[in-house]
Amino acid sequence: MATARALLTALAAVLLFSGCGSAGPGPAGGVVATEVEVSGGQVHAPSQRVEARVGQRVRLTVRGDAADELHVHGYDKAARLTPGAPATVEFTADIPGVFEIELHESGLALPSLEVR
């Protein structure tokens, strides 16, 4: 049991420091990238909020099991979701605030975007 716990802790540390699915701000001018999976009406995301600094690029990739439309409020960015295929929106975070991100047809809320 202790070995499994140590292995999971090490894996979590590797993922955290590798930037894989990072939801926090990166270095100034870097890209903040987050991947979200939607299946069976459930949202699976690395966190509840994507944080970026003004001027950073934001890349949000969503993969779902149903057709829908990804929408980033405030920035008015959208992408069509096709089952099984990733949909990505990428833009410069140039408006400070907290913005909802959702799937329009299902009404599912995805992690919000906070720009500071």
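With an unreviewed UniProt entry as reference, the protein is termed EfeO-type cupredoxin-like domain-containing protein, source organism Saccharopolyspora erythraea.

Thoughts on the overall build of the protein
Along its length, the protein carries one helix and nine strands. In sequence order, the secondary structure elements of the protein are arranged as α-β-β-β-β-β-β-β-β-β. Split into buried and exposed, the 116 residues of the protein put 32% on the buried side. Counting every atom, the protein has about 6,700 Å² of accessible surface; 57% of that belongs to carbon and sulfur.

Side note on the pattern of salt bridges
For the coordinates displayed, the defined rule picks out six salt bridges. Among the ionic pairs, Arg57 bridges to Glu90, the shortest N-O distance being 3.6 Å. Here Glu90 lies in strand β7 (residues 86-92) and Arg57 lies in strand β4 (residues 57-64), a separation of 33 residues in the sequence. For Glu90, a relative accessible area of 35% translates into the label partly exposed. The residue Arg80 makes a salt bridge to Glu105 at a minimum N-O spacing of 2.8 Å.

With respect to the side chain of Gln56
Looking at the secondary structure, you find Gln56 in the loop between β3 (49-52) and β4. Classification of Gln56 as buried rests on a relative accessible area of 1%. A polar contact of 2.8 Å, which involves the side chain of Gln56, links it to the backbone nitrogen of Arg53.

What counts as what
Residues numbered from 1 in each chain as written. Predicted model: local features only at pLDDT ≥ 70, side-chain atom pairs only at ≥ 80, totals over all residues. Heavy atoms only, no water. Helix = DSSP H or I, 4+ residues; strand = E, 2+ residues; numbered from the N terminus. Buried < 20%, exposed > 50% of the residue type's maximum accessible area, 1.4 Å probe, protein only. Areas by Shrake-Rupley, 256 points an atom, 1.4 Å probe, with all protein chains shown as cover. Salt bridge = Lys/Arg side-chain N within 4 Å of Asp/Glu carboxyl O. Polar contact = N/O pair within 3.5 Å; in protein donor to acceptor, adjacent residues only side chain to side chain.

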